[in-house]
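# Geometric and topological summary
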Amino acid sequence: LVLLCNVSLATLPDAVIAYGRSASAPTLFRVGTGAVVLSVEELLPLTAPAKFGRGTETVLDEYAHRTLKIGSDVVRVEWAALDATLATIHRALRGGVRSRLTAHLHDVLLYRPGDFFVKHTDSLKSPRHLLTMSVVVALSGCGEATGDVQFPTLSTTWQGRAGGDWCAWYTSEEHAVT
């Protein structure tokens, strides 16, 4: 079970993928109450089947994409390592350009065992959405946290295995999630 947080970053990268492990994992909080979400059991009632963009439509197609979604109006994410992670991404993807990356939570995706998203490129969430970042969030009741993002054109796979593992890629980079 893995949680992937889609984050928009507001500057154009030179490379297409960066990944690493931060010193801490993100924490999820319920919007309104501020309660910390500690387990999958607490999170499941907040989810809905995740739709995705296909052309100009937003669709639900479980043959192409099976996962659950929690909107940013329901949960928020705090991550002590976010600034350091953004700086690492900036160095990896920009090679010293001075513009600053900023992160904006779009939604939280909950991938259960067997869930997936077939090969695709990301739908833009805003005009400034240039990168997507996935981060493993460790919760009780989820067993081994695993998340694989395959990048076929690069012949590489990112394997998120522990809370705080992250990967960022350019929105136009074709990828699949398992």
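Reference entry: report on the structure contained in this document. (Residues numbered from 1 in each chain as written. Predicted model: local features only at pLDDT ≥ 70, side-chain atom pairs only at ≥ 80, totals over all residues. Heavy atoms only, no water.)

## Comments concerning the side chain of Asp107
The test is simple: Helical segments are the DSSP runs of H or I of at least four residues, strand segments are the runs of E of at least two, and each set is numbered from the N terminus. Relative accessibility decides the category of a residue: with a 1.4 Å probe and only protein chains considered, values under 20% of the type maximum give buried, values over 50% give exposed, and everything between is partly exposed. His is not counted, nor are the chain ends, whereas Lys and Arg count as positive and Asp and Glu as negative. Here, a salt bridge means any Lys or Arg side-chain nitrogen found within 4 Å of an Asp or Glu carboxyl oxygen. The definition of a polar contact used here is a pair of N or O atoms within 3.5 Å, where within protein one atom must be able to donate a hydrogen and the other to accept one, and adjacent residues in sequence count solely through side-chain atom pairs.
Turning to its location among the elements, Asp107 is positioned in strand β11 (residues 103-111). Within the buried core, Asp107 has no salt-bridge partner, and the shortest N-O distance to an opposite charge, that of Lys69, equals 4.5 Å. Side-chain polar atoms of Asp107 contact the side chain of His106, separated by 3.0 Å.

## With respect to the sheet that holds strand β2 (residues 17-21)
Test applied: A pair of strands is considered paired only if DSSP assigns at least 2 bridges between the two. Convention adopted: a line fitted to C-alpha atoms gives each axis, helices being fitted over their contacting stretch, and angles between N-to-C directions are expressed from 0 to 180 degrees.
Read across the sheet, 3 strands follow the order β2-β16-β13 without closing on themselves; strand pairing throughout is antiparallel. Strand pairing shows two members of the sheet lacking a second neighbour, β2 and β13 (131-135), which therefore form its edges. Strand-to-strand twist across the sheet, computed as the mean angle between neighbouring axes with direction ignored, equals 10°. As paired strands, β13 and strand β16 (residues 165-170) are joined by 5 bridges and run antiparallel to one another.

## Details of the pattern of salt bridges
Scanning the model with the defined rule gives 7 salt bridges in all. Here Arg54 and Asp61 are joined by a salt bridge, their closest N and O atoms 2.6 Å apart. On the basis of relative accessible area, Arg54 is assigned to the partly exposed category, the value being 41%. Between Arg66 and Asp115 there is a salt bridge, with its nearest N and O atoms 3.4 Å apart. Residue Arg66 is located in strand β8 (residues 65-66), and its partner Asp115 is located in the loop between β11 and β12 (116-120); the two are separated by 49 residues in the primary sequence. Linked by salt bridges that have partners in common, Arg66, Arg112 and Asp115 make up one network.

## Digging into the nonpolar core
In plain terms, the rule: As used here, the term nonpolar core means buried Ala, Val, Leu, Ile, Met, Phe, Trp, Tyr and Cys residues forming a set that is joined through side-chain atoms within 4.5 Å.
Grouped together as the largest cluster of nonpolar side chains are 14 residues, with contacts concentrated most on Val149, Phe151 and Trp158. Contributing elements (two or more residues each) for this core: β11, β14 (147-151) and β16.

## Some details on the pairing of strand β15 (residues 156-160)
Where β14 and β15 come together, 5 bridges link them in antiparallel fashion. Each residue of the ladder has a partner; that of Asp148, found in β15, is Gln159. Remark: 4 residues form the turn of the hairpin made by β14 and β15, two consecutive strands paired antiparallel; Ser155 in that turn has positive phi of roughly 55°.

## Some thoughts on the side chain of His65
We apply this condition: The contact criterion used throughout is that any non-hydrogen atoms of two residues lie within 4.5 Å.
You can see His65 is positioned in strand β8. Once you skip the residues sitting within four places of it in the chain, His65 turns out to touch Ala50, Lys51, Phe52, Tyr111, Phe116 and Phe117.

Coordinates in, geometry out; function isn't part of it.
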